[in-house]
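Geometric and topological summary
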There are 2 protein chains.
Amino acid sequence: MELRHLTYFVTVAEELHFGRAAARLQMTQPPLSKQIQQLEEEMGVKLFRRTKRHVELTTAGEFFLPEARQVLAQMQQALDTAQKAQRGEFGRLVIGFVGSATYDILPEIIREYRRQFPDVSVILHELSTPDQVDALLDGRIDMGLLHPPISSSLIATEPVQTGVCALSFPKNHPLAGKDKLTIEDLRDVPFIVVSREIWPGLYDEFLSLFQDAGFTPRIVQEATEYQMVVGLVSAGIGVGVVPATAEKLFNLEAVYRQIDGAPLHAVLSMARLKKNSNPALDQFITLTRRVRQLNSESPV
Amino acid sequence: MELRHLTYFVTVAEELHFGRAAARLQMTQPPLSKQIQQLEEEMGVKLFRRTKRHVELTTAGEFFLPEARQVLAQMQQALDTAQKAQRGEFGRLVIGFVGSATYDILPEIIREYRRQFPDVSVILHELSTPDQVDALLDGRIDMGLLHPPISSSLIATEPVQTGVCALSFPKNHPLAGKDKLTIEDLRDVPFIVVSREIWPGLYDEFLSLFQDAGFTPRIVQEATEYQMVVGLVSAGIGVGVVPATAEKLFNLEAVYRQIDGAPLHAVLSMARLKKNSNPALDQFITLTRRVRQLNSESPV
DNA sequence: GTGTGTAATACACAAATGATATCAATTGAT
DNA sequence: ATCAATTGATATCATTTGTGTATTACACAC
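Quick caveat: nothing in here was measured; it's all calculated off a predicted structure.

Quick notes on the rules
- Residues numbered from 1 in each chain as written.
- Chains lettered and ligands numbered in written order.
- Predicted model: local features only at pLDDT ≥ 70, side-chain atom pairs only at ≥ 80, totals over all residues.
- Heavy atoms only, no water.
- Helix = DSSP H or I, 4+ residues; strand = E, 2+ residues; numbered from the N terminus.
- Rg over C-alpha atoms; globule rule 2.2 N^0.38 Å.
- Contact = heavy atoms within 4.5 Å.
- Areas by Shrake-Rupley, 256 points an atom, 1.4 Å probe, with all protein chains shown as cover.
- Lys, Arg positive; Asp, Glu negative; His and termini not counted.
- Charge placed at Lys NZ, Arg CZ, Asp CG, Glu CD.
- Axes fitted to C-alpha atoms, helices over the stretch in contact; angles between N-to-C directions.
- Parallel < 35°, antiparallel > 145°, perpendicular 65-115°, else oblique.
- Left-handed = near helix turned anticlockwise from the far one by under 90°.
- Nonpolar A, V, L, I, M, F, W, Y, C, P; charged D, E, K, R; others polar.
- Near = heavy atom within 4 Å.
- Polar contact = N/O pair within 3.5 Å; in protein donor to acceptor, adjacent residues only side chain to side chain.
- Buried area = accessible area lost by both parts, 1.4 Å probe.
- Salt bridge = Lys/Arg side-chain N within 4 Å of Asp/Glu carboxyl O.
- Buried < 20%, exposed > 50% of the residue type's maximum accessible area, 1.4 Å probe, protein only.
- Arc of directions from axis to C-beta.
- Phe/Tyr/Trp six-rings, centres within 6.5 Å; stacked < 30°, edge-to-face > 60°.

Our next topic: the overall build of chain A. Tallying secondary structure elements over chain A gives nine helices and eleven strands in all. Against the 2.2 N^0.38 benchmark of 19 Å for 300 residues, chain A shows a C-alpha radius of gyration of 32 Å, more extended than a compact globule. Oriented by its inertia axes, the alpha-carbon framework of chain A measures out at about 105 × 35 × 30 Å. Considering only contacts in chain A between residues 6 or more positions apart, those separated by 24 or more positions represent 70%. For chain A, the exposed area adds up to about 14,800 Å²; of that, 51% sits on carbon and sulfur atoms. Distance between charge centroids for chain A: 9 Å, based on 31 positive and 36 negative side chains.

Structure below.
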């Protein structure tokens, strides 16, 4: 019993005429008759009552017809599903992201992705960079939006957003209004930074910037998210090191300044397991590249 | 793309090993590999990722697996349905019946039938005998419970219940208490009968009984149901001709008497179109015969 | 009675399924 | 590092099976 038999049966049931049904099936009548006979024999069910002049469905045939149609429809759907899944138009995509991505690029990308691929269920997990690396290696997430660099050679990364960092001062801090801000000005300033574990790239860059100038910055507080850093700055605890986009938080107690001639980079990358072959992931990455380009073309 | 391919795919997906899958399918490995390749090619979808050492489902394969299982299950169900329908264990049975059958045999048979064939939907229509004949010929009902005789040679009938008729007197009627009741006693009695159109068998038998005695009964009122006849009797309109089972109506104003030596028959038959091949009908008739025998064995 | 329409049958051929033998590649053990 | 074992792919062949052509059997209509 094969799908072919069902197709033949449905067609004969619709035409109630072996000749016409055969024509519709682009075959000749004798093999069609034979296939129907074979179907009936295998099922142990008489589906048609043939007088020499008419063909009609038996009761069993009448009840079999809608079922057979459904099997064929189901098969078609199974095929569709598989094809869509292969094209990344159907499926599941689990994305890890660092908290800061929430304020910037993530909403825009997700919105656009859901518009283009409404049948992919997107699952989001806020995770720190190292947690994302673990999750990627374990296959718990398909993609990470994280702060490079990461070490594993099994993971491929690609920058999504390359911004700069700024220093966040309490608004009445003496250096907040200074014309040019140099490294030397910052020698004894108490700093608040995101901990190395959470954002090693920034932490190390920050340290080496000062080491090049011959001293070590005074880090008085570490935090797990840059939003928290801004909070501590506005509480007057110290000067924060945060991505320039932090300005979007609109904290009226904080003022943002760049260090003159010494940019600190704040890069957000997307990371994937190289061998992950979820087609939805490829689509997501392609889309992200496109969205990113659109944005980088427009003046910041 | 045939069901065979789906079976093969599901098995390989379950085993993730072509050799073991082939063994389970009672075939050898090479043709199995080939069939899967063929399936993938026809679908245009890679279902498995084969390294030389492992087999695993692709994302598309993962989404296809449950769909494929469902197609196979649906096919099985289609087969079941057809087989049950052929055995009369599934389907639809439309039964016409005369009102009087409600009080007697019908409830018992229907109850037993529904117990034995719960998946057949039984549809009941109260119809007069001639309406049932029309409905049978049109195929609107599968079976009729009606009063013979009927004329059409396309219809087969078989008695379900052979009872006798009685005369129904108002309880204070002079003849109600008479020892022996003869035709002669009834010469001028006003009769109430069920109209010829509704119950031709009884009507004609009633008339010929009197014609044999040399006179015509005085019919003062006709009715469409015997229950109505009893009602008219208890209102004192006349003497009713009704099946003996009318006694079960427990009308305290009516008294029932037989005509001595001249039985009037009240037969209820089941009738079917000879060419109707609804298997549920055959089952119903078989069951009815059995139930009827059980009943006729017990003393009435 | 003859002719048309319809499904079934007989037979031949082509296509495809499955089996056997073999290969290539990877893994794990000695 | 080399070798054996495992595993899926490939090649080739036999068998089965699906399909086409020709024909038959039967019913119904004129």
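Our next topic: the packing of helix α1 (residues 3-15) of chain A against helix α3 (residues 29-43) of chain A. Residues and elements named next belong to chain A. Packing of α1 against α3 leaves a shortest axis separation of 10 Å and a crossing angle of 110°. As the angle between them shows, α1 and α3 are arranged roughly perpendicular. Considering only the axes of α1 and α3, their crossing is left-handed. Along its contact with α1, which presents Arg4, His5, Tyr8, Phe9 and Val12, the element α3 presents Leu32, Gln35, Ile36, Gln38 and Leu39. Its residues placed into classes, the contact of α1 with α3 shows six nonpolar, three polar and one charged.

Moving on, we come to the protein's contact with DNA strand C. Neighbouring DNA strand C are 20 residues; A:Gln29, A:Ser33, A:Arg50, B:Tyr8 and B:Thr28 lie closest to it. Taking the atoms of DNA strand C that fall within 4 Å of the protein, sugar and phosphate contribute 71% of them. Between DNA strand C and A:Gly19, the relevant distance is 3.4 Å, taken from a phosphate oxygen to a main-chain nitrogen or oxygen of the residue. In the model, a phosphate oxygen of DNA strand C is placed 2.7 Å from a nitrogen or oxygen of the A:Arg50 side chain. Listing elements by their share of the surface near DNA strand C, those giving two or more residues are α2 (18-24) and α3 of chain A together with α1 (3-15) and α3 (29-43) of chain B. Classifying every residue of the surface near DNA strand C gives seven nonpolar, eight polar and five charged.

What follows is about the packing of helix α4 (residues 59-86) of chain A against helix α4 (residues 59-86) of chain B. Where α4(A) contacts α4(B), the axes come no closer than 9 Å and their chain directions differ by 180°. Judged by the inter-axis angle, α4(A) sits roughly antiparallel to α4(B). The class makeup of the residues in the contact of α4(A) with α4(B) is 18 nonpolar, ten polar and two charged.

A common measure of how large an interface is: the accessible area buried when the components associate. Residue-level contacts link 33 residues of chain B with 33 residues of chain A. Both sides of the chain B and chain A interface together cover about 3,000 Å² of buried area, and 64% of this is carbon and sulfur. Summed over the shared surface of chain B and chain A, the number is two salt bridges. Across the pair A:Arg4 and B:Glu2 runs a salt bridge whose closest N-O atoms are separated by 3.7 Å.

Turning to helix α6 (residues 129-138) of chain A, a few remarks are in order. All names here are of chain A. Of the residues making up α6, those classed as buried are Thr129, Gln132, Val133, Ala135 and Leu136. The arc that holds the buried residues of α6, viewed along the axis, is 165°, so those residues lie on one side. At its buried positions, α6 is contacted by β3 (91-97), β5 (143-146), β6 (155-170) and β11 (265-273). One or two residues past the end of α6 sits Gly139, with phi positive at roughly 80°.

A separate point is the packing of aromatic side chains. Per the stated rule, a full pass over the model turns up 20 aromatic pairs over all chains. Judged by centre distance (5.4 Å) and plane angle (90°), the ring pair of A:Phe210 and A:Phe215 falls under edge-to-face. No difference in accessibility class separates A:Phe210 from A:Phe215, as the two residues are buried. Seen from their ring centres, B:Tyr113 and B:Phe284 are 5.1 Å apart, and the 70° between their planes marks the pair as edge-to-face. Placement of B:Tyr113 in helix α5 (residues 105-116) and of B:Phe284 in helix α9 (residues 279-297) is noted, with a sequence separation of 171 residues between them. The same class applies to B:Tyr113 as to B:Phe284, namely buried. Every member of this aromatic cluster is reached through a ring pair, and the members are A:Phe9, A:Phe18, A:Phe48 and A:Phe64.

Bringing the side chain of A:Gln35 into the picture now. Looking at where A:Gln35 falls in the secondary structure, it is placed in helix α3. Setting aside residues no more than four positions away along its own chain, A:Gln35 makes contact with A:Arg4, A:His5 and A:Tyr8.

Geometry only, nothing functional implied.
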